[in-house]
Amino acid sequence: MPNRQNDGIRINEDIRISPIRLVKDEGEAIIIETSKALQMAKDAGLDLVEVSPNAKPPVCKIINYGKYKFEQVKKAKAAKAKQHVVKLKEIKMHPKTAENDYLYRIKQASEFLQDGMKVKLIMQFRGREMAHMDYGKRLMERAKEELAPFGDLEMDSRVEGNTMLSIYSPKRGAASAKKQQDAAPKPVTAPEAAGEA
C-alpha cells in the first residue's frame with residue numbers, strides 16, 4: 001500500500017497521530033486508535049485516508065484512495081468551471097490624443113464592454129502635461145458619456161501619480177444578449193426566399 005502522497009494527503013502508515021476520529025460509511029464517527037483503524041482498512045482491502053488533518057483529533061475514512069483522489073479532482077474542476085473570470089482590458093490615452101485615435105479607442109472600449117470584459121481607461125500625463133490635467137479630465141468626461149450605453153462606471157476618474165484612470169464594467173446582461181444575437185440565425189432576404197420557392 002502506498003503511504004506518502006505528493007498532494008500532501010496522508011494515508012495508511014503515514015498517519016502517525018493517535019487516536020483519530022474515524023467516520024464510518026453510515027456517517028457515524030468514532031474515536032479509535034490509529035493502529036486499529038489501519039488494521040480495519042487492511043482487512044477491507046482499502047486505505048485509511050486523513051480527510052481533515054486540522055481537526056482534533058484528525059478525521060479519517062476507510063476508502064479507496066484512488067477513487068477518493070479522482071472525486072477530489074472532479075470537484076475541483078467543477079468549481080473552476082463555475083467561476084466566471086472577468087478580463088480587464090486597458091486602454092491608454094494622452095491629453096493630446098488626436099480625434100481619430102480617441103474615437104478608435106472608445107470604439108475598442110465599447111466592444112470590450114459588449115464582450116463582457118471590464119475596461120480600465122488610462123489617461124497618461126507626460127512632463128508639462130501635468131500642468132494641464134483639465135484637458136485630460138475633459139476627455140475622460142467625454143469618454144464617460146460615450147461609454148455609458150455599453151458599460152457602468154465602476155470607478156470614476158482617479159489620479160494616481162501621472163495617470164488618471166476610470167474603470168468600467170459591462171452592463172448586466174449585455175454580454176449574454178450579444179452572444180444570443182451572434183448565435184441567432186441570419187434572416188433570409190427576399191430574393192433568396194423567392195429563389196427557393
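This one's a predicted model, so the numbers in the text were calculated from it and none came from an experiment.

Considerations on the environment of Ile-106
Summarising the element assignment, Ile-106 is placed in helix H3 (residues 99-114). Classification of Ile-106 by relative accessible area gives buried; the value is 7%. The spacing of Ile-106 and Glu-146 is 40 residues in sequence and 7.5 Å in space, taken between C-alpha atoms. Excluding residues within four positions of it along the chain, Ile-106 makes contact with Ala-143, Glu-146 and Leu-147.

Focus on the pattern of salt bridges
Taken as a whole and assessed by the stated rule, the structure comprises 14 salt bridges. When the shortest N-O distance is used, the salt bridge between Glu-50 and Arg-10 registers 2.9 Å. With a gap of 40 residues between them, Glu-50 in strand E3 (residues 47-52) and Arg-10 in the segment before strand E1 (20-23) connect regions that are remote in the sequence. Across the salt bridge formed by Glu-160 and Arg-158, the nearest N and O atoms sit 2.5 Å from each other.

Some thoughts on the packing of aromatic side chains
As enumerated under the stated definition, the model contains one aromatic pair in all. Here Tyr-65 and Tyr-68 contribute two aromatic rings whose centre-to-centre distance is 6.5 Å and whose plane-to-plane angle is 40 degrees, an arrangement assigned as tilted. You can see Tyr-65 and its partner Tyr-68 sitting in helix H2 (residues 65-82), three residues apart, about one turn around the helix.

Let's talk about the confidence of the model for the protein chain
Summary statistics for the protein chain give a mean pLDDT of 81 and a share of 82% for residues scoring 70 or more. Within the protein chain, helix H1 (residues 34-44) carries the highest mean pLDDT (93), whereas helix H6 (residues 190-196) carries the lowest (45). Below a pLDDT of 50 lies the segment residues 187-197, which in the model reaches one contact outside its immediate sequence neighbourhood of four places, other chains included.

Some details on the nonpolar core
Grouped together as the largest cluster of nonpolar side chains are 18 residues, with contacts concentrated most on Leu-121, Met-123 and Leu-147. At the level of secondary structure, the elements contributing two or more residues to this core comprise strand E5 (88-93), H3, strand E6 (118-124), helix H4 (133-147) and strand E8 (163-170). Looking at which element gives the most residues to this core, the answer is H3, with five residues. Each residue touching Met-123, except ones within four places of it in the same chain, is listed here: Met-93, His-94, Pro-95, Gly-136, Leu-139, Met-140, Asn-162, Thr-163 and Met-164. In terms of nonpolar packing, the next biggest core, distinct from the first, is built from ten residues, Ile-32, Leu-38, Ala-41 and Cys-60 among them.

About the cut-offs
- Counting starts from 1 at the beginning of each chain's written sequence and moves along it residue by residue.
- Only residues with pLDDT of 70 or above have their local features reported here, since the model is predicted, and side-chain atom pairs are shown and tallied only from 80 upward, although totals for entire chains, interfaces and linings are computed over all residues.
- Excluding hydrogens and water, the side-chain values take into account all heavy atoms of the structure.
- Secondary structure elements are taken from DSSP: a helix is a run of H or I of four residues or more, a strand is a run of E of two residues or more, and numbering for both begins at the N terminus.
- Under the scheme applied here, a residue whose accessible area is under 20% of the maximum for its type counts as buried, over 50% as exposed, and between as partly exposed, the area being computed with a 1.4 Å probe on protein chains only.
- Throughout, a contact is declared for two residues whenever any of their heavy atoms are within 4.5 Å.
- Salt bridge criterion: a side-chain nitrogen from Lys or Arg within 4 Å of a carboxyl oxygen from Asp or Glu.
- Pairs were defined over the aromatic rings of Phe, Tyr and Trp, the Trp ring being its six-membered one, requiring ring centres within 6.5 Å. Orientation was assigned from the angle between planes: stacked under 30 degrees, edge-to-face over 60, tilted for the rest.
- Every residue gets a pLDDT, meaning the predictor's confidence in that residue, from 0 to 100.
- The criterion is simple. A nonpolar core is a set of buried Ala, Val, Leu, Ile, Met, Phe, Trp, Tyr and Cys residues joined through side-chain atoms within 4.5 Å.

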